[in-house]
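The primary structure of each chain is shown beneath.
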Amino acid sequence: MITRKAIREEVVDVLSGLHGSVAVYDGVTPHRLETYATGEIKPYIIVWVGHGSGLGEMEHLGALADVDSVHASIQTQIVAANERDVWDVAELVQKRLTNHLIGGHPVKPDDLSQPYAAVMVDENVTPHRRFLPLLWNINTQ
């Protein structure tokens, strides 16, 4: 059975090196970010993997929860100083992650959220940042 740790490590690994100026962080953003000479932050990606669960459809007749499969959500949050950079990096992420195999199982875009994903503004930092949260799913059963 594939672990959530292995899923997280693989997603971080496959997104690292996506583009020369795009950093990938595993759940935590450092206090000091890389910037261009203009002072704008360089685009970056944060990866989170949910704890997940077994699939309810796989419960046995004895009504025991499935412990042999994993259904986990993956969130990639693309962050940049402007909306154009967010969309450019998001396109690269989508091409790299869609159907990427982890332990022989494909990563798929979350069809309930991705069609409606929109760039938002983080006004809690100065200067403000644009970000786009994209959800993905992996099922091992």
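Look a little higher up for the structure.
Residues numbered from 1 in each chain as written. Predicted model: local features only at pLDDT ≥ 70, side-chain atom pairs only at ≥ 80, totals over all residues. Heavy atoms only, no water.

Draft legend 1. Representation of the packing of helix α1 (residues 4–15) against helix α2 (residues 83–97) in the model. Where α1 contacts α2, the two axes come as close as 10 Å, and the packing angle between them is 125 degrees. On the basis of their axis angle, the class for α1 and α2 is oblique. α2 is crossed by α1, and the crossing has right-handed handedness. Between α1 and α2, the residues in contact are Val11, Val14 and Leu15 and Val93, Arg96 and Leu97, respectively. Considered class by class, the residues forming the contact of α1 with α2 number five nonpolar, no polar and one charged. (Axes fitted to C-alpha atoms, helices over the stretch in contact; angles between N-to-C directions. Helix = DSSP H or I, 4+ residues; strand = E, 2+ residues; numbered from the N terminus. Parallel < 35°, antiparallel > 145°, perpendicular 65-115°, else oblique. Left-handed = near helix turned anticlockwise from the far one by under 90°. Contact = heavy atoms within 4.5 Å. Nonpolar A, V, L, I, M, F, W, Y, C, P; charged D, E, K, R; others polar.)

Draft legend 2. Main features of the pairing of strand β5 (residues 105–109). Examined bridge by bridge, strand β4 (residues 101–102) and β5 share two bridges and lie antiparallel to one another. Considered in β5, the bridge of isoleucine 102 is made with histidine 105. Between β4 and β5, which pair antiparallel in sequence order, lie two residues; one of them, glycine 103, sits at a positive phi of approximately 60 degrees. Relative to strand β7 (residues 129–139), β5 runs antiparallel, the two sharing three bridges. What sits directly across from proline 109, in β7, is tryptophan 136. (Pairing = 2+ DSSP bridges.)

Draft legend 3. Structural view of the side chain of asparagine 137. Checked against the element boundaries, asparagine 137 lands in strand β7. Non-local contacts of asparagine 137, meaning those with residues more than four positions away in its chain, are made with His71, Ala72, Ser73, Pro106, Val107, Lys108 and Asp110.

Draft legend 4. Region of interest: the packing of aromatic side chains. Taken as a whole and assessed by the stated rule, the structure comprises one aromatic pair. Seen in terms of ring centroids, tyrosine 25 and tyrosine 44 are 5.6 Å apart; in terms of plane orientation they differ by 65 degrees. Their pairing is edge-to-face. Here tyrosine 44 lies in strand β2 (residues 44–49) and tyrosine 25 lies in strand β1 (residues 23–26), a separation of 19 residues in the sequence. The same class applies to tyrosine 25 as to tyrosine 44, namely buried. (Phe/Tyr/Trp six-rings, centres within 6.5 Å; stacked < 30°, edge-to-face > 60°. Buried < 20%, exposed > 50% of the residue type's maximum accessible area, 1.4 Å probe, protein only.)

Draft legend 5. The arrangement of the pairing of strand β3 (residues 71–80) in detail. Among the 10 residues that make up β3, seven are buried, leaving the element largely enclosed by the rest of the structure. Sheet topology places β2 next to β3; six bridges connect them, and they run antiparallel. In the strand pairing of β3, tyrosine 44 is matched with valine 79. With 10 bridges joining them, β3 and β7 adopt antiparallel strand pairing. Residue serine 73 lies in a different strand from β7, and its bridge partner there is asparagine 137.

By themselves these figures say nothing about function.
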